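Residue-level structural notes
Residue-level listing of the chains:
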Amino acid sequence: MRKGIVLIILATMLLASCRMPVESQTETTFDIYSANTDSYIFDYWRIYKSRIPEKPDLIFLIVEYGDLALKQIHLLDFLVCDSKETSKTVYDYYREYYSDCILEESEKWFTAHPTPKYDIEYTCMYYLEDNVVIHGNIKEWSTWSDAETEPPGKFLRGDDFKEYIIDNAPRL
């Protein structure tokens, strides 16, 4: 009986030493999906790895809602990094990328109105919170009409959506 207990303890210790402790794993070391696959978590949230073209070693995760938005949070994308320093680098990249079209900014966020692509104009917002960069289009409209495009349902847009992101960023 005593030998059996000792063998079980030794086997457990051996197995425990063979796997990487969760504390040492980072978000980007997990074997997850690439952007070219239709991979959803909990049926609706899509997660994939991405990188900044000028810094191919800097990998981060993008978490986005892949279906019809049901809640305000579904209109946001989350760029999840391994550290605060990495998220600051990602944030600074987008801040520089949109530097010629920034409308408003503070230390942790900015809004920009980039040159329209195709037939949609938009105002986007980036918010830096810990190791996450929150991104969302706070306003969108078609270049074919004067009316703003609204997702189905009652969602905040424009300044109200911007304030929602600022007020809720730590919880998002």
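Refer to the structure presented above.
Now for a look at the structure at hand.

1. Examining the side chain of glutamate 129
- Its location among the elements puts glutamate 129 in strand 7 (residues 120-129).
- For glutamate 129, a relative accessible area of 18% gives the class buried.

2. Brief notes about the pairing of strand 8 (residues 132-142)
- Extensive coverage of strand 8 is indicated by the burial of nine of its eleven residues.
- Pairing geometry for strand 4 (residues 76-80) and strand 8, over five bridges, is antiparallel. Considered in strand 8, the bridge of leucine 76 is made with glycine 136.
- Summarising the sheet, strand 7 and strand 8 pair through ten bridges and their orientation is antiparallel. Counterpart to isoleucine 120 in the pairing with strand 8 is serine 142.
- Connecting strand 7 to the next strand, strand 8, in antiparallel fashion are two residues, including aspartate 130 with a positive phi near 60 degrees.

3. Comments concerning the packing of aromatic side chains
- Overall, the coordinates contain eleven aromatic pairs when judged by the stated rule.
- Put simply, the rings of Tyr91, Tyr93, Tyr94, Tyr97, Tyr98, Phe110 and Tyr126 pair up and form one aromatic cluster.

4. So, the nonpolar core
- Core analysis: the biggest nonpolar cluster contains 20 residues, and Phe60, Val90, Tyr94, Tyr98, Phe110 and Tyr126 have the highest contact counts within it.
- At the level of elements, strand 2 (45-52), strand 3 (55-65), helix 2 (84-97), strand 6 (109-112) and strand 7 are the ones that each hand at least two residues to this core.
- Considering every element that reaches this core, the biggest residue donor is strand 7, with four residues.
- In this structure, tyrosine 98 is in contact with Phe110, Ala112, Pro114, Tyr122, Cys124 and Tyr126, ignoring residues within four places of it in sequence.
- Within the second largest apolar cluster, 19 residues are counted, among which are Ala69, Phe78, Phe161 and Ile165.

Thresholds, definitions, all that
- Note that residues are indexed from 1 along each chain, following the sequence as it is written.
- Note on the predicted model: pLDDT of at least 70 is required for a residue's local features to be given, and 80 or more for side-chain atom pairs to be given and counted; whole-chain, interface and lining totals, by contrast, use all residues.
- Values reported for side chains reflect all heavy atoms of the structure, with hydrogen atoms and water molecules removed beforehand.
- Numbering of helices and strands runs from the N terminus, with a helix taken as a DSSP run of H or I at least four residues long and a strand as a DSSP run of E at least two residues long.
- Each residue is placed in one exposure class: buried if its accessible area under a 1.4 Å probe, protein chains only, is under 20% of its type's maximum, exposed if it is over 50%, and partly exposed if it falls in between.
- Strands were regarded as paired on the criterion that DSSP finds at least two bridges between them.
- What counts as a ring pair is set by centres within 6.5 Å for rings of Phe, Tyr and Trp (its six-membered ring), and what kind of pair is set by the plane angle: stacked under 30 degrees, edge-to-face over 60, tilted for all other angles.
- Residues belong to one nonpolar core when they are buried, are Ala, Val, Leu, Ile, Met, Phe, Trp, Tyr or Cys, and are joined through side-chain atoms within 4.5 Å.
- Should any heavy atoms of two residues lie within 4.5 Å, those residues are considered in contact.

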